[in-house]
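Examination of the molecular architecture
Here's the letter readout for the chains.
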Amino acid sequence: MDISICSDTLPARYGVKKAYDLLAKAGFTAIDWSLYEYEWKENEKNIFEYDLDYIIDYFTPELNAIKEAGLKIALAHAPFPSYNMNDPDFTDYCIECYKKVIMLCEYAGCPQLV
């Protein structure tokens, strides 16, 4: 059995290498990868608006740090919200971004996305 923890804001706070090394040193064997740090912000382009190659390049240092720390990704938390009943264009936008989130998770070997 793996012992997993949400990566949350640790990579942003400590840098990806130090954050994942700290989690492994604390005894965790897996992480709940926090992609919700990339939630939608007004007037800012979201990382998941770019093409998949760019997204993979962007996350490669973090994925390498996870692997080098001996951790695996148990699941990922997607950006949110994903739906606005009063704004169907926003919902359509989210769906297009989530397609790339799913492809990133597949690339990273992440078996589940919530």
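Notes on the structure in this doc start here. Residue positions are given per chain, counted from 1 along the sequence in the order it is written. With pLDDT at 70 or above as the cut-off, local features in this predicted model cover only qualifying residues; side-chain atom pairs require 80 or more to be listed or tallied, and sums for whole chains, interfaces and linings still use all residues. Water and hydrogen atoms were dropped before computing side-chain values, which therefore reflect all heavy atoms in the structure.

**Observations regarding the environment of Leu-75**
Helix and strand assignments come from DSSP, with helices taken as H or I runs of at least 4 residues and strands as E runs of at least 2, each series counted from the N terminus. Take Leu-75: it is sitting in strand β3 (residues 72-77). Among the residues examined, Leu-75 registers a relative accessible area of 18% and is labelled buried. A sequence separation of 37 residues divides Leu-75 from Gln-112, and the C-alpha atoms of the two residues are 4.6 Å apart. Beyond its immediate stretch of four places on either side in the chain, Leu-75 contacts Ile-31, Asp-32, Trp-33, Cys-110, Gln-112 and Val-114. Only protein chains enter the accessibility calculation, which uses a 1.4 Å probe. A residue is then buried if its area is under 20% of the maximum for its type, exposed if over 50%, and partly exposed in between. Residue contacts follow a heavy-atom distance rule, with two residues in contact if any of their heavy atoms lie within 4.5 Å.

**What about the sheet that holds β3?**
Strands are treated as partners if at least two bridges between them are detected by DSSP. If you walk across this open sheet you meet the three strands as β1-β2-β3, and the pairing is parallel. Looking along the sheet, the strands with just one partner apiece sit at the ends: β1 (4-6) and β3. Strand-to-strand twist of the sheet, defined as the mean angle between neighbouring strand axes without regard to direction, takes the value 25 degrees. Bridge analysis of β1 against strand β2 (residues 30-34) gives three bridges, and the strand direction is parallel. Note on β2: the bridge partner recorded for Cys-6 is Asp-32. The axes used here are C-alpha line fits, helices contributing only the stretch in contact, and every angle between their N-to-C directions lies in the interval 0 to 180 degrees. Lying on the sheet, helix α3 (residues 52-68) is in contact with β2 and β3; it crosses β2 at an angle near 165 degrees.

**As for the packing of helix α2 (residues 16-25) against α3**
At their nearest, the axes of α2 and α3 sit 9 Å apart, and the two run at 30 degrees to each other. Between α2 and α3, the interaxial angle falls into the category roughly parallel. Here α2 runs over α3; the crossing is right-handed. Residues Val-16, Lys-17 and Tyr-20 of α2 form the contact with α3, whose own contacting residues are Pro-61, Glu-62, Ala-65, Ile-66 and Glu-68. The class makeup of the residues in the contact of α2 with α3 is five nonpolar, no polar and three charged. Here roughly perpendicular refers to angles of 65 to 115 degrees, roughly parallel to angles under 35, roughly antiparallel to angles over 145, and oblique to all remaining angles. Note: crossing handedness is left-handed where the near helix turns anticlockwise from the far helix by less than a right angle, and right-handed where it turns clockwise. Residues are grouped as follows: Ala, Val, Leu, Ile, Met, Phe, Trp, Tyr, Cys and Pro are nonpolar; Asp, Glu, Lys and Arg are charged; every other residue, Gly included, is polar.

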